Amino acid sequence: MVDAVVIGAGPNGLVAANVLADAGWSVVVLEAADRPGGAVKSAEVTAPGFVNDLFSAFYPLAVASPVLAALRLEDWGLRWSHAPTVVAHPLDDGRTVLLHRDREATAANLDAFAPGDGAAWLGLVERFESLREPLLGALFRPFPPVLPAARLLRELGVAETLRFARFVLQPLRRWTEESFNGIGAATLLAGNALHTDLGPESAGSAVYGWLLAMLGQTLGFPVPTGGSGTLSDALVRRLRDRGGEIVCGARISEVIVRRGLAVGVRASDGTSYDARRAVLAAVDAPQLLTHLVGPEHLPARLVDDLRRFQWDNATVKVDWALSGPIPWRDPECGLAGTVHLGGSVDELTGYTGALSVGAVPARPYLIVGQMTTADASRSPAGTESAWAYTHVPQVVHSDQGAAGITGRWDEREVQAVVDRIEAEMERQAPGFGELVMARHVFGPLGLQEANDNLFRGALNGGSAAVHQQLIWRPVPGLGRPELPVDRLYLASSSAHPGGGVHGGPGAIAARVALRNAGVTGPLRRAALHAAFRAVY
Ligand SMILES: Cc1cc2nc3c(=O)[nH]c(=O)nc-3n(C[C@H](O)[C@H](O)[C@H](O)COP(=O)(O)OP(=O)(O)OC[C@H]3O[C@@H](n4cnc5c(N)ncnc54)[C@H](O)[C@@H]3O)c2cc1C
């Protein structure tokens, strides 16, 4: 019997297992897929010599994460690589807004859209740098993060805290109207906000656009040299060095609960794995609570709350092997690792508005990755390993385009979205299609088939909307990894602080499990039950 069983070998499961193993616990990680990594995997799926990142690709959150920094993955072989430019966002009028790692260069680009916006940008960056440490400290601690929040408050002062709280709730459009004069900055920030499921008009979108753009400005959008899988490899190697075990091909179908305690798990082939001290589930909250635990072990109010759990949007992703660099109208785009397409902030409002009403957008917003530009090892010299993805509604009510997409997501419907993706590429890079040597496509169902956690291609373990963050993530509760089943912890991106590759939910769950194991059983259980009785 091991001290802890971890379900799921994505970044959060692997981080959780590493933190537990560092504390001397024996750990086994059980993974449904045939190899570890979750949504951090690369493979040759298009053409020989082309490494494609199957899911995630750019890791500003990983390099910013104090959790991953503490694991020192560079000692286990992880190397980072950067594209010359962080982000490019070409507009329909021929101009391109650019995020450079040199802040003065970014400012100069924004000034070309509206004089003065460069100075406003530099002010934002300076402010971000003063807040970064306490802010990230607060995000990566179990809730409530009393000490880092106090440091944040001290840094801001009471008057600025009031204004910062207002900013955190603001829609991106309103905030950028207050802060900038041109569409350059608004579009750059909106393109970043759309890495979540929030549009420019959504409450809370300003802070996401700001956070990602500021991380890009100060740390870049790095990629692991050799493919995203090398990040998972480093986590796996580190864990094995500490005696941790990983079993692949083990799809967990049940958390074994006895007298309100999680005591192990059972795989779909009937094998059971006992856990002496904790079960950490680095899988999505609906799967864990509804299927692996079951409503019979949960308070009725929690079961009811789960009906209101909101997934983030579904996704269609294409990986390409290209015979040459993408022929962008504006050659500046060719220097960026990440390119955002789909028009300016106004068109992005149209795109997210379509998603909100369940319509498949006629014109997609794309996140494009130029991986060979970011890391020359990804494909043969003179070629490009690239991808793009766009979002489609979780539940389709209509199609804004002519293909009559219904949400069945068979080959025809997925291909119709791929056609829209490639048409958007052609709009900014005429002749793009002639370079495509091979493609690999994931529709919403294909993403979920590859990883159960990606419900119809939802990337972030649930919506990033403010009503599903902090003490409302994944459902109204304590904002903590503990669940009403004792010794069971939610360790995936469905938990605070949410999606992205930073290891936050995994590390928080592991730390709380370690701390709880050190407290005498009956007392702690009584306190926990009292807290859960209050919220459920
Ligand atoms: C297409 C795409 C692009 C993305 N781009 C980025 C990006 O560029 N940068 C970034 O920071 N983030 C990105 N993300 C988000 C990021 O990858 C996720 O937020 C992150 O991987 C979540 O980590 P996790 O460990 O919680 O879950 P996952 O990485 O999804 O891992 C969950 C693991 O659990 C396993 N599992 C599920 N159910 C079971 C079960 N019943 N039994 C056993 N095992 C099970 C799965 O097979 C999987 O291996 C992207 C995601 C996708 C899908």
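Quick caveat: nothing in here was measured; it's all calculated off a predicted structure.

Visitor: Can you help me understand empty space enclosed by the protein in this one?
Guide: Unoccupied space between atoms shows up once a probe the size of one water molecule is rolled over them. Summed over all chains, the structure comprises five cavities of 30 Å³ or more. There is about 100 Å³ of room inside the largest cavity. Along its surface, the largest cavity is lined by 14 residues, and Pro474, Arg480, Glu482, Leu483 and Tyr536 are the ones closest to its centre. For the lining of the largest cavity, the class distribution of residues is nine nonpolar, two polar and three charged. Put simply, the second largest cavity is a space of about 60 Å³. Every residue lining the second largest cavity is listed: Arg473, Gly479, Arg480, Pro481, Leu490, Ala495, His496, Pro505, Ile508 and Ala509. A total of three residues in the lining of the second largest cavity trace back to one element, the largest contributor, which is helix 17 (residues 504–517). A per-class count over the lining of the second largest cavity returns six nonpolar, two polar and two charged.

Visitor: Explain the site of the ligand to me, please; I cannot follow it from the model alone.
Guide: If you check the shell around the ligand, you find 33 residues, and the closest are Asn12, Glu31, Phe58, Gly500 and Val501. Within the contact set of the ligand, an oxygen atom lies 2.9 Å away from a backbone nitrogen or oxygen of Ala39. Here Asn453 contributes a side-chain N or O atom positioned 2.9 Å from an oxygen atom of the ligand. Here the ligand loses 96% of its free accessible area of 1,000 Å² to cover by the protein chains. When contributions to the shell around the ligand are tallied by element, the ones reaching two or more residues are helix 1 (11–22) and strand 2 (27–31). For the shell around the ligand, the leading source of residues is helix 1, giving three residues. For the shell around the ligand, the class distribution of residues is 16 nonpolar, 13 polar and four charged.

Visitor: Could you clarify how one ought to interpret the nonpolar core in this entry?
Guide: The nonpolar side chains of soluble globular proteins are, as a tendency, buried together. Among the nonpolar cores identified, the biggest contains 93 residues, and Trp121, Trp210 and Leu280 are the most heavily contacted of them. No other element matches helix 9 (residues 205–219), which puts eight residues into this core. Apart from the residues lying within four places of it in its own chain, the contact partners of Trp210 are Leu124, Phe128, Leu135, Phe164, Phe167, Trp175 and Leu189. Membership of the second largest hydrophobic core comes to 34 residues, among which are Val265, Tyr273, Leu288 and Leu528.

Visitor: Teacher, can you tell me more about the pairing of strand 11 (residues 261–267) here?
Guide: Looking along a regular strand, one sees side chains alternate from face to face of the sheet. For strand 11, the buried fraction is high: six of the seven residues fall into the buried class. The sheet contact formed by strand 10 (residues 252–258) and strand 11 spans six bridges and is antiparallel. Looking at strand 11, one finds that Val255 is bridged to Val265. Connecting strand 10 to the next strand, strand 11, in antiparallel fashion are two residues, including Arg259 with a positive phi near 50°. Bridge count for strand 11 against strand 12 (residues 272–281) is three bridges, and the pairing is antiparallel.

Visitor: So what exactly am I meant to see when it comes to the pairing of strand 17 (residues 384–392) here?
Guide: Burial analysis of strand 17 places nine of its nine residues in the buried class, which makes it a mostly covered element. Burial along strand 17 is two-sided: Glu384, Ala386, Ala388, Thr390 and Val392 and Ser385, Trp387, Tyr389 and His391, pointing in opposite directions, are all buried. In this sheet, strand 17 lies alongside strand 16 (residues 366–370) in antiparallel orientation, the contact comprising four bridges. Its bridge partner being in strand 17, Gly369 is matched across the sheet by Trp387.

Visitor: Sorry, what's going on with unusual backbone geometry here?
Guide: Residues other than glycine predominantly adopt negative phi, and peptide bonds predominantly adopt the trans conformation. Here the amide bond leading from Phe143 into Pro144 is cis, since omega sits at -5°, within 30 degrees of zero. Positionally, Pro144 belongs in the loop between helix 5 (117–139) and helix 6 (146–169). The residue after His496, namely Pro497, is reached through a cis peptide bond having omega 5°. Position of Pro497 relative to the elements: it lies in the loop between strand 20 (488–490) and helix 17. Of note in this structure, Leu470 is not a glycine but carries a positive phi near 50°. Within the secondary structure, Leu470 is located in the loop between helix 16 (444–450) and strand 20. Residue Arg487 is not a glycine yet carries a positive backbone phi of 70°. Within the secondary structure, Arg487 sits in the loop between helix 16 and strand 20.

Visitor: How should the packing of helix 1 against helix 10 (residues 229–241) be read in this particular structure?
Guide: How two helices pack is summed up by the angle between their axes together with the distance between the axes. Where helix 1 meets helix 10, the axes come as close as 9 Å, and the angle between the chain directions of the two elements is 25°. Comparing the axis directions of helix 1 and helix 10 gives the class roughly parallel. Here the hand of the crossing between helix 1 and helix 10 comes out left-handed. Between helix 1 and helix 10, the contacting residues are Pro11, Leu14, Val15, Ala17, Asn18, Ala21 and Asp22 on the first element and Ser232, Leu235, Val236, Arg238 and Leu239 on the second. For the contact of helix 1 with helix 10, the class distribution of residues is eight nonpolar, two polar and two charged.

Reading the values: rules and limits
- Residues numbered from 1 in each chain as written.
- Predicted model: local features only at pLDDT ≥ 70, side-chain atom pairs only at ≥ 80, totals over all residues.
- Heavy atoms only, no water.
- 1 Å grid on protein atoms, 1.4 Å probe; cavity = no way out; pocket = protein on both sides within 12 Å on 5 of 7 lines; lining within 4 Å.
- Points joined across faces, edges and corners; volume = space filled by probe spheres on them.
- Nonpolar A, V, L, I, M, F, W, Y, C, P; charged D, E, K, R; others polar.
- Helix = DSSP H or I, 4+ residues; strand = E, 2+ residues; numbered from the N terminus.
- Near = heavy atom within 4 Å.
- Polar contact = N/O pair within 3.5 Å; in protein donor to acceptor, adjacent residues only side chain to side chain.
- Areas by Shrake-Rupley, 256 points an atom, 1.4 Å probe, with all protein chains shown as cover.
- Core = buried A, V, L, I, M, F, W, Y, C linked by side-chain atoms within 4.5 Å.
- Buried < 20%, exposed > 50% of the residue type's maximum accessible area, 1.4 Å probe, protein only.
- Contact = heavy atoms within 4.5 Å.
- Pairing = 2+ DSSP bridges.
- Axes fitted to C-alpha atoms, helices over the stretch in contact; angles between N-to-C directions.
- Parallel < 35°, antiparallel > 145°, perpendicular 65-115°, else oblique.
- Left-handed = near helix turned anticlockwise from the far one by under 90°.

The values reported here are purely geometric and, on their own, carry no functional implication.
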